[in-house]
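Coordinate inspection notes
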Amino acid sequence: MKMHSPPRFPALAFAAVLATLAFTAPALAAPGSSGSAWIDNGATACDKYLTPAVVAAILAAPAGHPQRVDAHSCHVGPIYINLIVADIDIFRAELPMIFQAHSIGGIGDGAYWNGAGALSAVKGHDRGCDISVIDPGAPKIHNAELGQKLGDVCNKLFAIP
């Protein structure tokens, strides 16, 4: 009898979320903009901004410790933060073409959430913030409420000089 390895749902789900953001997120700003140094805050964003209180407000169960994914992203359990160089003008132009994107105010200069548990926001012409919860059963809040909570984290990141 052949043994099957356990499903790799978290890894596959994260890959699916990244692919979705890559194909639906607004185009990036030109390389070399001033935001390219700011995106390095993504590696430590989870340590600083996904505090136990913030995570407890979002997730139904504890999530563990923050982990770096790369120089621009990190995660705490199923909550992933990725900072990118993005432009608000491009974001606004592409927003109507993004499937099931719901605009949300008060986050950066423009933001949207979707029912899959993702938020994408842009500030100015060089800062983009993508946050998602990759396990659909993990959050205890959903839709606009989840988008607002994730957006609060993006706003804190946008405030970094």
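Look up: the structure comes first, before these words.
Only a predicted model underlies this, so the values are computations on that prediction, with no experimental measurement involved.

**Notes on the overall build of the chain**
A tally of regular secondary structure across the chain gives six helices and seven strands. When the elements of the chain are put in sequence order from the N terminus, they spell out α-α-α-α-β-β-β-α-β-β-β-β-α. Across the 161 residues of the chain, 47% fall into the buried class. If you take every contact in the chain between residues at least 6 apart in sequence, the share linking residues at least 24 apart comes to 66%.

**A few points about the environment of S120**
Mapped onto the secondary structure, S120 falls in strand β6 (residues 118-123). Overall, S120 belongs to the buried group, its relative accessible area being 2%. Sequence spacing of S120 and I131 is 11 residues, and the spatial spacing of their C-alpha atoms is 6.6 Å.

**Considering the pattern of salt bridges**
All chains considered together, the criterion is met by one salt bridge. Two residues, D109 and K123, come together in a salt bridge whose shortest N-O distance is 3.7 Å. With D109 in the loop between β4 (102-103) and β5 (110-114) and K123 in strand β6, this pair connects stretches of sequence that are 14 residues apart.

**Observations concerning the state of the cysteines**
Going through the model one piece at a time under the given rule, you end up with two disulfides. One disulfide in the model links C46 with C74; its S-S distance is 2.1 Å. Measuring handedness by torsion sign, the sulfur bridge of C46 and C74 sits at about 90° and is right-handed. Of this pair, C46 sits in helix α3 (residues 45-49) while C74 sits in strand β2 (residues 73-76), and the two are 28 residues apart along the sequence. Of the two residues, C46 and C74, both sit in the buried class. For the chain, the disulfide bridges join cysteines in the arrangement 1-2, 3-4, where the cysteines are counted in sequence order.

**Some thoughts on the sheet that holds β5**
Across the sheet, seven strands lie side by side as β1-β2-β3-β7-β6-β5-β4; this open sheet has antiparallel pairing. Looking along the sheet, the strands with just one partner apiece sit at the ends: β1 (67-70) and β4. Looking at chain direction, β6 and strand β7 (residues 127-133) are connected through six bridges and run antiparallel. Bridge assignment links S120 to a residue of β7, and that residue is D130. Sitting on the sheet, helix α6 (residues 143-158) touches β3 (79-84), β5, β6 and β7, and the angle it makes with β7 is about 140°.

**Thoughts on the nonpolar core**
Of all hydrophobic cores here, the largest spans 34 residues; its most connected members are L50, I58, I81 and L157. For this core, the secondary structure elements donating two or more residues are α3, α4 (52-58), β2, β3, β5, β6, β7 and α6. Top contributing element to this core by residue count: α6, with six residues. For L157, the residues in contact, after removing those within four places along its chain, are W38, A45, Y49, I81, L83, R127 and C129. Among the nonpolar cores identified, the runner-up in size contains eight residues, and I84, I98, Y112 and V122 belong to it.

Quick notes on the rules
Residues numbered from 1 in each chain as written. Predicted model: local features only at pLDDT ≥ 70, side-chain atom pairs only at ≥ 80, totals over all residues. Heavy atoms only, no water. Helix = DSSP H or I, 4+ residues; strand = E, 2+ residues; numbered from the N terminus. Buried < 20%, exposed > 50% of the residue type's maximum accessible area, 1.4 Å probe, protein only. Contact = heavy atoms within 4.5 Å. Salt bridge = Lys/Arg side-chain N within 4 Å of Asp/Glu carboxyl O. Disulfide = S-S within 2.5 Å. Pairing = 2+ DSSP bridges. Axes fitted to C-alpha atoms, helices over the stretch in contact; angles between N-to-C directions. Core = buried A, V, L, I, M, F, W, Y, C linked by side-chain atoms within 4.5 Å.

Interpretation in functional terms is not warranted from these geometric data alone.
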